[in-house]
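Chain by chain, the residues run as shown.
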Amino acid sequence: MDIYDLIQSSDLKHLRFGFYKLVYIRPTQFCPASCRHCSARSSPGTQRTAEVERLEKWVTSITDLPEVEWIGVEGGEPFAAPAQLEMILQVAQERGVFTSVLTNAYWAKDERRAREVLKNYPKINFLIISADEFHEEYIPLSRVVAALRAARDYVDRLGVQICAGPEYPTFRERFDCLAGDDLLESVDIIEVPLQYIGRAQESGVIHRPAESDELPEAICNFLGTPVLREDGVFVACCQQDAVLSSQPNLFQLGNLDDCDALALKSRVDADVYLQTLRVFGPKAIAEAAIKHQWGWEPRSYQQGNICELCLHLASDQQVVEGFREAFNTPEYHDTLALGRSILFDEPLMMESMEVDLV
Ligand code: SF4
């Protein structure tokens, strides 16, 4: 089962595509490994980690969001920031929010050591271990299996996220053999595609996909699941280039030191530009930019990669402002509300009675 099938068929679907039901938190960008495919470009040299006191304020603000059901802790390597991880899990538990943690299991030297680590943390609801041919260059598979065996007694649910690189079949054979049927029965195997993003762009593990002059067409499913960075910046979408950019961009909503998560969420909720990406996709904005002659020119994009088109559009202030101005009408807000209700099962809140479907 790949990640898309899993989301479609499982209880994760409403989280992944819902609006602010799942929020990702990255307490650190540090990682003891530097995998060749790492989309977050984490490494031992990346020391950026949130201060615990500030992080506590940010996490509390996120758990104040009425919609939030799950916090997904990722990184960097969350277990490499133990005080931060413990605090996130503690606040989430006190606020009745479920937690998932994505780790590479470097800390599980053997099963006994893995138990010692896990027993010190508040409950993790879903522990997901990243393991594949690239992680294996840094983390022996025996640690992955030790972590899984130990975690059965401490977490509600266990997953292994495997990036399907060129050596995937032989990796799976090795992993399945070491884990054994008994363990595999209690683990969700989550297969994710190898993507041309982050460090994979320089390391050569994957070639740049072919380009096309056709505008890529799809709606964006990822604007409902924001990311909190280790510096307090709250980012509307989880696309790595938008998250990691040191330049302020449309998707970086603000810093939770300066405003609360509820205010930033309300801004996204009411933003015709961002909600258009969810309902019609970036191609609709590109077509509006061309039609209204906002001075924007399309170029070639990787086939099927809506994020490339989206980031290109978002970098053009004239497009963003032009679109927000031209489409800020009660009728268009209603069109978006209808689309959000149909696509994402959100409550239907109409401003005018006349709905003009585009
Ligand atoms: S870059 Fe645009 S299309 Fe890609 S996930 Fe972010 S908002 Fe969606």
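Cut-offs applied
- Residues numbered from 1 in each chain as written.
- Predicted model: local features only at pLDDT ≥ 70, side-chain atom pairs only at ≥ 80, totals over all residues.
- Heavy atoms only, no water.
- Near = heavy atom within 4 Å.
- Nonpolar A, V, L, I, M, F, W, Y, C, P; charged D, E, K, R; others polar.
- Buried < 20%, exposed > 50% of the residue type's maximum accessible area, 1.4 Å probe, protein only.
- Helix = DSSP H or I, 4+ residues; strand = E, 2+ residues; numbered from the N terminus.
- Arc of directions from axis to C-beta.
- Contact = heavy atoms within 4.5 Å.
- Polar contact = N/O pair within 3.5 Å; in protein donor to acceptor, adjacent residues only side chain to side chain.
- Phe/Tyr/Trp six-rings, centres within 6.5 Å; stacked < 30°, edge-to-face > 60°.
- Lys NZ or Arg CZ within 6 Å of the ring centre and 35° of its normal.
- Pairing = 2+ DSSP bridges.
- Axes fitted to C-alpha atoms, helices over the stretch in contact; angles between N-to-C directions.

*Asks:* Help me out: how do you make sense of the site of the ligand in this one?
*Replies:* Around the ligand, the surrounding shell consists of Cys220, Phe222, Leu223, Cys237, Gln239, Phe251, Ile306, Cys307, Cys310 and Leu311. Here the shell around the ligand is built from residues that sort into nine nonpolar, one polar and no charged.

*Asks:* Please clarify how helix α5 (residues 111-118) should be interpreted in this entry.
*Replies:* Counting along an α-helix, one turn takes 3.6 residues, and residues three or four places apart therefore face a common direction. Among the residues making up α5, those that are buried are Ala114, Val117 and Leu118. All buried residues of α5 fall inside an arc of 90° around its axis, so they share one side. Residues of α5 that are buried make contact with α6 (141-151). Sitting at the head of α5, Asp110 places a side-chain oxygen 3.2 Å from the backbone nitrogen of Arg112.

*Asks:* What should I look at first to understand the packing of aromatic side chains in this one?
*Replies:* For any pair of aromatic rings, geometry is given as the distance between the ring centres together with the angle between the planes. Summed over all chains, the structure comprises eleven aromatic pairs. Between Phe171 and Phe175, the aromatic rings sit 6.3 Å apart at their centres with planes inclined by 0°, giving stacked as the arrangement. Within this pair, Phe171 and its partner Phe175 are both found in helix α7 (residues 168-184), separated by four residues, close to a single helical turn. Accessibility assignment for this pair places Phe171 and Phe175 in one class, buried. By way of ring pairs, the aromatic residues Tyr273, Phe280, Phe323, Phe327 and Tyr332 are connected into one cluster. Residue placement shows Arg278 over the ring face of Phe344; its charged tip is 4.3 Å from the ring centre. Of note, Arg340 hangs over the ring of Phe19, and the distance from its end group to the ring centre comes to 5.0 Å.

*Asks:* Quick question: what am I supposed to make of the sheet that holds strand β3 (residues 98-103) here?
*Replies:* The strands that make up a sheet are held in pairs by hydrogen bonds between backbone atoms, and each pair lies either parallel or antiparallel. Spatially, nine strands are ordered β6-β5-β4-β3-β2-β1-β8-β9-β10 in an open sheet, and the strand pairing comes out mixed. The outermost strands of the open sheet, each flanked by one partner alone, are β6 (188-193) and β10 (252-255). In terms of strand pairing, strand β2 (residues 70-73) meets β3 through four bridges, oriented parallel. From the neighbouring strand, Trp70 faces β3, where its bridge partner is Phe98. Those strands touched by α7 are β5 (157-164) and β6, and its axis lies near 170° from that of β5.

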